[in-house]
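# Descriptive structure summary
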Amino acid sequence: MKQLLKVGLDSAAPFPMHTDYQSEVFEGFEVDLLRIIAKSLDLEVQYEVSLWKDILEQLYKGELDLICSAVSVTPTRMRILEFSDPYLQFRLCAVINQRDHLDDLSRLKNKVIGVRAAAEAEKYMMKHYPAYTLKHLDTNREMYDALLAGDIDLLIDDSPIAGGFLKKHKTLKIGTFLPETDTQYAIAMKKGDLKLKSKINAVLHNIRKNGVYQQLFAKWFAQIQL
């Protein structure tokens with residue numbers, strides 16, 4: 001009998017990492033990646049959908065076995081969770097309307113900036129730009145809808161997710177990448193789950209070696225600036 005893994009998914013699907021689990025077609029880079037891992041390790045995957053602000057706590061409490069849903073590796077998270085080897089490197093970026101211009105964030109005190117609640121972009125802005133006006137939103141879609149509607153002047157997001165939305169919304173663009181925000185996504189697991197971590201890392205190593213990773217990357221990140 002296959003081992004069952006409860007895998008946490010962000011309810012606000014961060015495409016192209018993955019689409020909405022309830023949508024007609026559930027797909028994405030992480031969906032393909034986890035399918036390969038599950039097949040290689042003879043595992044059965046059961047997805048559990050949660051709000052992002054709750055999902056890491058659910059893993060910490062043992063209600064989930066892992067999260068494969070655009071989880072950034074940070075020193076704080078590494079103290080309480082295990083992480084696989086990273087599978088994607090990216091930066092934070094500012095998304096603006098095509099008609100606007102933005103070189104850096106130094107002159108934005110009078111602007112309203114959209115950030116996602118509990119995301120690393122929110123933490124970055126609160127730490128580095130505490131005087132700025134932030135609008136805290138629960139989902140990526142809410143952020144981009146707010147920008148399109150003119151309710152915010154710009155938003156801060158992970159570059160892979162921004163790239164996914166920019167493919168849909170041609171009136172938006174990346175204004176600038178935020179300095180010193182090089183970050184990586186990895187699979188998050190319960191602290192001490194070293195056996196599973198080792199097995200997953202072996203699969204990640206194999207698919208980089210045999211070219212499968214490069215094929216997945218080309219499939220999902222063509223024309224997306226990371």
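Along each chain, numbering runs from 1 in the same order as the chain's sequence is written. Two thresholds apply to this predicted model, a pLDDT of at least 70 for residue-level local features and 80 or more for giving and counting side-chain atom pairs, whereas whole-chain, interface and lining totals are computed over all residues. Each side-chain value is worked out from all heavy atoms of the structure, with water and hydrogens disregarded.

### So, the overall build of the protein chain
Working definition: helices are DSSP H or I runs of at least four residues, strands are E runs of at least two. Numbering for both runs from the N terminus. Within the protein chain, the regular secondary structure consists of 8 helices and 12 strands. Here the radius of gyration uses the C-alpha set of atoms, whereas the globule reference equals 2.2 Å times the residue count to the power 0.38. The C-alpha atoms of the protein chain give a radius of gyration of 18 Å, which matches the 17 Å a tight globule of 226 residues would have. With the C-alpha coordinates of the protein chain rotated into their principal frame, the extents come out at 60 × 35 × 30 Å. Expressed as a percentage of its 226 residues, the buried residues of the protein chain come to 50%. Note on classification: 1.4 Å probe, protein chains only; a residue is buried when its accessible area is under 20% of the maximum for its type, exposed when over 50%, partly exposed between these limits.

### Brief notes about the pairing of strand 1 (residues 3-10)
Alignment of strand 1 against strand 2 (residues 43-50), held across 8 bridges, turns out to be parallel. Within the sheet, the bridge partner assigned to Gly 8 lies in strand 2 and is Glu 48. Taken together, strand 1, helix 1 (residues 29-41) and strand 2 form a β-α-β motif whose crossover is right-handed. Note on pairing: two strands pair once DSSP finds at least 2 bridges between them. Of the pairings in the sheet, the one linking strand 1 to strand 3 (residues 66-67) comprises 2 bridges and is parallel in character. The partner of Val 7 across the bridge, within strand 3, is Leu 66. Crossover handedness is defined by viewing with both strands directed away from the observer: a clockwise path from the first strand over the helix to the second marks the crossover as right-handed.

### Some remarks on the packing of aromatic side chains
In this scheme Phe, Tyr and Trp rings, the latter by its six-membered ring, pair at centre separations within 6.5 Å, and the angle between planes marks the pair as stacked below 30 degrees, edge-to-face above 60, and tilted otherwise. Applying the stated criterion across every chain, the model contains 13 aromatic pairs. The interplanar angle of 55 degrees and the centroid separation of 5.3 Å between the aromatic rings of Tyr 21 and Tyr 47 together place this pair among those described as tilted. Of the two residues, Tyr 21 sits in the loop between strand 1 and helix 1 while Tyr 47 sits in strand 2, which places them 26 residues apart along the sequence. According to the relative accessible area criterion, Tyr 47 is buried, its value standing at 17%. Ring centres of Tyr 144 and Phe 165 lie 3.9 Å apart, and the angle between their planes is 0 degrees; this geometry places the pair in the stacked category. A residue pair is termed long-range when its members are at least 10 positions apart, and Tyr 144 in helix 5 (residues 140-149) and Phe 165 in helix 6 (residues 159-168) qualify at 21 residues. Residue Phe 165 is classed as buried on the basis of its relative accessible area of 10%. Three or more aromatic residues joined by ring pairs make a cluster, and in this case those are Phe 29, Tyr 87, Tyr 213, Phe 217 and Phe 221. Here the guanidinium or amino end of Arg 91 rests over the ring plane of Phe 177, the centre of that ring lying 3.7 Å away. Only when the NZ of Lys or the CZ of Arg is both within 6 Å of the ring centre and within 35 degrees of the ring normal is a charge said to sit over the ring. Of note, Arg 208 hangs over the ring of Tyr 213, and the distance from its end group to the ring centre comes to 4.0 Å.

### A few points about helix 6
Counted residue by residue, helix 6 has 8 buried out of 10 residues, so it is predominantly covered. Looking at helix 6, one finds that the buried residues are Ser 159, Pro 160, Ile 161, Ala 162, Gly 163, Gly 164, Phe 165 and Leu 166.

### Focus on the nonpolar core
Membership of the largest hydrophobic core comes to 48 residues, with the highest contact counts inside it found for Phe 29, Leu 66, Tyr 87 and Val 95. Once residues lying within four places of it in the same chain are set aside, the contact partners of Val 95 are Tyr 144, Leu 147, Leu 154, Leu 155, Ala 162, Leu 166, Leu 172, Lys 173 and Ile 174. Side-chain atoms within 4.5 Å are what join buried Ala, Val, Leu, Ile, Met, Phe, Trp, Tyr and Cys residues into a set we call a nonpolar core. Formed by 17 residues, the second largest nonpolar core is a distinct cluster that contains Ala 94, Ile 96, Leu 102 and Leu 178. Note on contacts: a residue pair qualifies if any of its non-hydrogen atoms lie within 4.5 Å across the two residues.

### Thoughts on helix 2 (residues 52-60)
Of the positions making up helix 2, those classed as buried are Trp 52, Ile 55, Leu 56 and Leu 59. Down the axis of helix 2, the buried set is contained in an arc of 90 degrees. They therefore lie on one face. In the stretch just after helix 2, Gly 62 is the one whose phi turns positive, near 90 degrees. Throughout, the arc means the angular range of directions from the helix axis out to the C-beta atoms.

### Observations concerning the sheet that holds strand 10 (residues 172-177)
Pairing is mixed in the open sheet, where 5 strands are placed in the order 8-7-9-6-10. The two strands at the open ends of the sheet, each matched to only one other strand, are strand 8 (133-137) and strand 10. On average, each strand axis in the sheet is tilted by 35 degrees relative to the strand beside it, whichever way the strands run. Pairing of strand 7 (residues 112-116) with strand 9 (residues 154-158) involves 2 bridges; the strand directions are parallel. Each axis is a line fitted through C-alpha atoms, taken for helices only over the stretch in contact, and angles between the N-to-C directions span 0 to 180 degrees.

### Let's talk about unusual backbone geometry
Residue Pro 16 is reached from Phe 15 by a cis peptide bond, and omega for that bond is 15 degrees. Structurally, Pro 16 is set in the loop between strand 1 and helix 1. Backbone geometry places Ala 118, a non-glycine residue, at a positive phi of 75 degrees. By the element assignment, Ala 118 lies in the loop between strand 7 and helix 4 (120-128). Looking at Ala 118, the relative accessible area reads 28%, which means it is partly exposed. Its identity is not glycine, yet Gln 223 carries a phi of approximately 65 degrees, on the positive side. Along the chain, Gln 223 falls in the segment after helix 8 (212-221).

Everything listed is a geometric property; what it means functionally is a separate question.
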